[in-house]
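# Architecture at a glance
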Amino acid sequence: MISEQALAPPRELVDKKGRVAGKLRISVTDRCNFACLFCMPDKESIRWLPKEDILSFEEIERVTRVLVSLGITKVRVTGGEPLLRKGVESLIARLTRIDGLESVDLTTNGWFLAEKARALKAAGLRGATVSLHSLREDRFAKISGLNALSRVLEGISEAVRVGIEPLKINSVAIRGYNDDEVLDLVEFARDRNISIRFIEFMPLDGLGIWSQDKIVTGQEILDIVASRFPLVSKGRSKGETASLWEFEDGKGKLGVITPMSAPFCDDCDRLRLTSDGKLLSCLFDTEYHDLKPIVRKGGSDTELANLITAAVWRKPDGVGYMPWIKEGWGKPRNMNAIGG
Ligand code: SAM
Ligand code: SF4
């Protein structure tokens, strides 16, 4: 018979399937100045988290230090829109000083990037991923809820200029909305010698427009791109979400992220911290692991570490093992509240 002790979670970021977490996505706000139709609920029904529930920079730094002591080596700052959070560059500077943390990257909608790029770079930011779902002004506005294309393009140029590296573009292709722009987006990225990654549309949208037939799969993207540009497969590294491809002429890189058609749950190594201090071990986790009571009520780092390791131990198998998600799912939260 196995003793209770033998079943207790070990003090590292390992789950019951043996996956070890090494990456952390920190959502610093659920708020956003855009309202992308695959992410946010409609403007009338949106309820932002109360300000007092949002972790301060000190609190985020403390939780991150504990997570790094347990094995996290890479952090990505996200949101909502992370650059909406006042002084976010000072958080990035704090995080980059944590011993054992190898890199801090950012995912942004690009609206504030032109004005913030230099300060972000000075704060120690490594790379940034800018979301760009259309190159047509009217369509960009329709998808993102704001007439922002030219400003986002300026942000991309400025980030390249100040040397934020790697700079990548993320696109969500949705059938009937922007799937006719795959080649234009690829050409845009190739012209600037930057990577572009297409993410399959996931059922975490607030408007409820998601349906299986709107997913443009990674394979469809590859077929479209290969019809114009010969591609060379570089495979998917363990723990990475993107399967990578290079262009035969060496200009730029292509990635496809396929959580819906070919999930990569078996070697998933990421954790997520929401802006109100909840740890999620999977995008599709329905359990909340609230760290804030320990952080705010004088709990010790050991208590934090115990809650974190216990939460990670219970990490769900992943979306690849949840076929019901594609059949209509009472999702617990929208993408803007998780951080993508
Ligand atoms: N506001 C920033 C941005 O848009 O890049 C960061 C947060 S956003 C939630 C992170 C990423 O998730 C973005 O690249 C966005 O395009 C992607 N995303 C949002 N909703 C999605 C969905 N339902 N399916 C797939 N990707 C989604
Ligand atoms: Fe905002 Fe990013 Fe969500 Fe768009 S995808 S609404 S920019 S958080």
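To be clear, the structure that these remarks concern was listed above.
In short, a report on the structure. (Residues numbered from 1 in each chain as written. Chains lettered and ligands numbered in written order. Predicted model: local features only at pLDDT ≥ 70, side-chain atom pairs only at ≥ 80, totals over all residues. Heavy atoms only, no water.)

## Quick notes on the sheet that holds strand β12 (residues 289-290)
- Pairing is mixed in the open sheet, where 12 strands are placed in the order β7-β8-β9-β6-β5-β4-β3-β2-β1-β10-β11-β12. A strand with exactly one partner marks an edge of an open sheet, and here the two such strands are β7 (231-235) and β12.
- Pairing of strand β1 (residues 23-27) with strand β10 (residues 270-273) involves 4 bridges; the strand directions are parallel. What sits directly across from I26, in β10, is L273.
- On the sheet, helix α3 (residues 88-96) packs against β1, β2 (74-78) and β3 (103-108) and is oriented at approximately 170 degrees with respect to β2. (Pairing = 2+ DSSP bridges. Helix = DSSP H or I, 4+ residues; strand = E, 2+ residues; numbered from the N terminus. Contact = heavy atoms within 4.5 Å. Axes fitted to C-alpha atoms, helices over the stretch in contact; angles between N-to-C directions.)

## Some remarks on the site of ligand 1
- Neighbouring ligand 1 are 20 residues, the closest being F38, G80, S131, H133 and M202.
- Interatomic distance of 2.9 Å between a backbone N/O atom of G80 and a nitrogen atom of ligand 1.
- E81 places a side-chain nitrogen or oxygen 3.2 Å from a nitrogen atom of ligand 1.
- Alone, ligand 1 offers 540 Å² of accessible surface; in the complex the protein occludes 96% of this.
- If you list the elements that add at least two residues to the shell around ligand 1, you get β3 and β5 (167-172).
- Partitioned by chemical class, the residues of the shell around ligand 1 number 7 nonpolar, 11 polar and 2 charged. (Near = heavy atom within 4 Å. Polar contact = N/O pair within 3.5 Å; in protein donor to acceptor, adjacent residues only side chain to side chain. Areas by Shrake-Rupley, 256 points an atom, 1.4 Å probe, with all protein chains shown as cover. Nonpolar A, V, L, I, M, F, W, Y, C, P; charged D, E, K, R; others polar.)

## So, the site of ligand 2
- Near ligand 2 you find C32, F34, A35, C36, C39, M40, G80 and N109, and these make up its full shell.
- Residues that form the shell around ligand 2 fall into these classes: 6 nonpolar, 2 polar and no charged.

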